Amino acid sequence: MAVNLLGYFSNDIGIDLGTANTLVYLKDRGVVLREPSVVALDTATRKVRAVGDEAKRMLGRTPGNITAIRPMKDGVIADFDVTEAMLRYFIRKVSGSAFRAPPCVVIAIPSGITEVEKRAVKDSALHAGARKVITIPEPMAAAIGVGLPIDEPAANMIVDIGGGTTEIAIISLNGVVFSKSVRVAGDELDSSIINYMKRAYNLLIGERTAEEIKMRIGSAYPLDEELKMEVKGRDSVAGLPKTINITSQEIREALSDTIATIVDAVRITLERCPPELSADLVDRGFVMAGGGALIRGIDRLLSDKTGLPVTIAEDPLSAVANGTGDVLGDLTWLMEHM
């Protein structure tokens with residue numbers, strides 16, 4: 001029986017199922033949804049009260065009967081049922097009346113996850129309403145999304161710093177030559193800031209405040225003009241609200257150990273690269289994607305530590321989602337992985 005592949009894949013979606021944010025790519029329309037991977041639950045009934053942006057606004061601010069949780073941890077599913085509810089919400093939100101049939105879904109997953117963790121992602125998406133689920137390694141999706149010529153017989157290196165994992169890969173001829181996935185990324189940077197504020201100032205702050213500090217004054221390399229910020233939290237000794245002023249230099253110190261782990265992972269990847277491909281990287285360097293690529297000066301730091309040119313992708317936050325979208329448009333790739 002003949003199958004009309006163009007029709008079969010016409011309304012399908014790509015998902016970047018991230019620890020911090022989920023992005024959904026709708027074929028022929030691009031990224032149509034970008035929301036936090038957060039779900040607010042009723043603690044008694046386990047009923048979903050809110051998902052995405054609305055749920056994130058509840059983080060740390062909910063009454064006793066509602067809890068806002070992140071069902072993804074370190075790039076993998078920590079709570080299967082809640083992840084399924086979140087995916088169902090996102091799929092329905094982007095579909096509207098567009099889908100006459102359940103969509104085929106391409107999901108980007110960390111390269112270092114186990115087969116059991118990969119199966120959990122597939123099952124969760126199938127239960128959420130997908131008719132077919134195809135997975136693609138995150139670094140491969142990111143490389144495709146930023147436009148690297150991965151089909152050439154030359155080294156293409158991508159460093160994708162997400163929320164839960166940092167994915168590093170060297171790709172040549174549409175294949176991954178070597179990849180490394182470390183469960184140290186944006187969330188760990190936030191935790192480093194929380195711990196520093198408690199240690200240095202006896203100030204207790206939440207995840208949202210730590211993320212805001214990271215985005216406003218966080219840096220990995222000395223700045224030409226250091227930044228300052230006012231931070232509000234609770235004094236861990238007196239138990240009262242407290243306000244302090246901090247500098248970007250302090251936050252750089254707080255982030256230094258975590259960023260050093262990412263630098264080490266990049267160096268290990270380069271050490272495992274075959275000599276001929278290493279020669280390519282001398283001229284090509286590598287590309288950075290993911291939210292972590294937006295930390296001030298991280299490209300300069302990595303360039304100093306590796307001696308290679310480093311480029312930040314034009315739209316680092318959407319790189320993986322755009323990669324899943326490009327895969328949706330490649331029928332050959334899809335049929336090979338069906």
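Residues numbered from 1 in each chain as written. Predicted model: local features only at pLDDT ≥ 70, side-chain atom pairs only at ≥ 80, totals over all residues. Heavy atoms only, no water.

Looking up the protein chain in an unreviewed UniProt entry gives the name Cell shape-determining protein MreB, with the organism given as Cephaloticoccus capnophilus. The UniProt entry for the protein chain carries the following comment under Sequence similarities (unreviewed entry): "Belongs to the FtsA/MreB family." A UniProt comment under Subunit (unreviewed entry) is attached to the protein chain, and it reads "Forms polymers." (UniProt positions renumbered as here; feature names shortened; annotations may be inferred.)

**Q** Can you walk me through the nonpolar core in this structure?
**A** Residues M157, M197, I213, V231, I246, F286 and M288 are the most contacted members of the largest nonpolar core, which totals 45 residues. For this core, the leading source of residues is helix α8 (residues 248-271), giving nine residues. Both domains that meet at this core, namely domain 2 (142-184 + 265-316) and domain 3 (186-254), each give it at least three residues. Excluding residues that lie within four positions of it along the chain, M157 makes contacts with L148, I168, A169, I170, V266, T269, L270, L281, G285, F286 and V287. With 27 residues, the next largest nonpolar core counts I13, I15, V94 and I113 among its residues. (Core = buried A, V, L, I, M, F, W, Y, C linked by side-chain atoms within 4.5 Å. Buried < 20%, exposed > 50% of the residue type's maximum accessible area, 1.4 Å probe, protein only. Helix = DSSP H or I, 4+ residues; strand = E, 2+ residues; numbered from the N terminus. Domains from an automatic or database assignment. Contact = heavy atoms within 4.5 Å.)

**Q** Help me understand the pattern of salt bridges, please; the structure alone is not making it clear to me.
**A** Side-chain pairs of opposite charge can arise where the charged atoms are in close proximity. For the coordinates displayed, the defined rule picks out 16 salt bridges. The partner of E117 in a salt bridge is R183, with the nearest N and O atoms 3.4 Å apart. With E117 in helix α4 (residues 115-127) and R183 in the loop between β13 (175-182) and α6 (186-201), the pair connects residues that are 66 residues apart, well separated along the chain. Residue R183 is classed as partly exposed on the basis of its relative accessible area of 35%. Notably, a salt bridge pairs D235 with K242, separated by 3.4 Å at the nearest N-O pair. Judged by its relative accessible area of 14%, D235 falls in the buried class. Residues participating in the shared-partner salt-bridge network are R70, D187 and E207. (Salt bridge = Lys/Arg side-chain N within 4 Å of Asp/Glu carboxyl O.)

**Q** Would you explain the sheet that holds strand β17 (residues 286-289) in this entry?
**A** Two pairing modes exist for strands in a sheet, parallel and antiparallel, and in both the strands are linked by backbone hydrogen bonds. Spatially, the five strands line up as an open sheet ordered β13-β12-β11-β17-β18, and their pairing is mixed. The open sheet has two edge strands, β13 and β18 (310-312), and neither has a second partner. Averaged over all adjacent pairs, the angle separating strand axes in this sheet is 20 degrees, with direction ignored. In this sheet, strand β12 (residues 166-172) lies alongside strand β11 (residues 156-161) in antiparallel orientation, the contact comprising six bridges. Counterpart to D160 in the pairing with β12 is E167. Seen against the sheet, helix α5 (residues 138-145) touches β11, β12 and β13 and runs at an angle of roughly 65 degrees to β12. Along the sheet face, helix α9 (residues 275-284) touches β11, β12, β13 and β17 and points at about 110 degrees away from the line of β12. (Pairing = 2+ DSSP bridges. Axes fitted to C-alpha atoms, helices over the stretch in contact; angles between N-to-C directions.)

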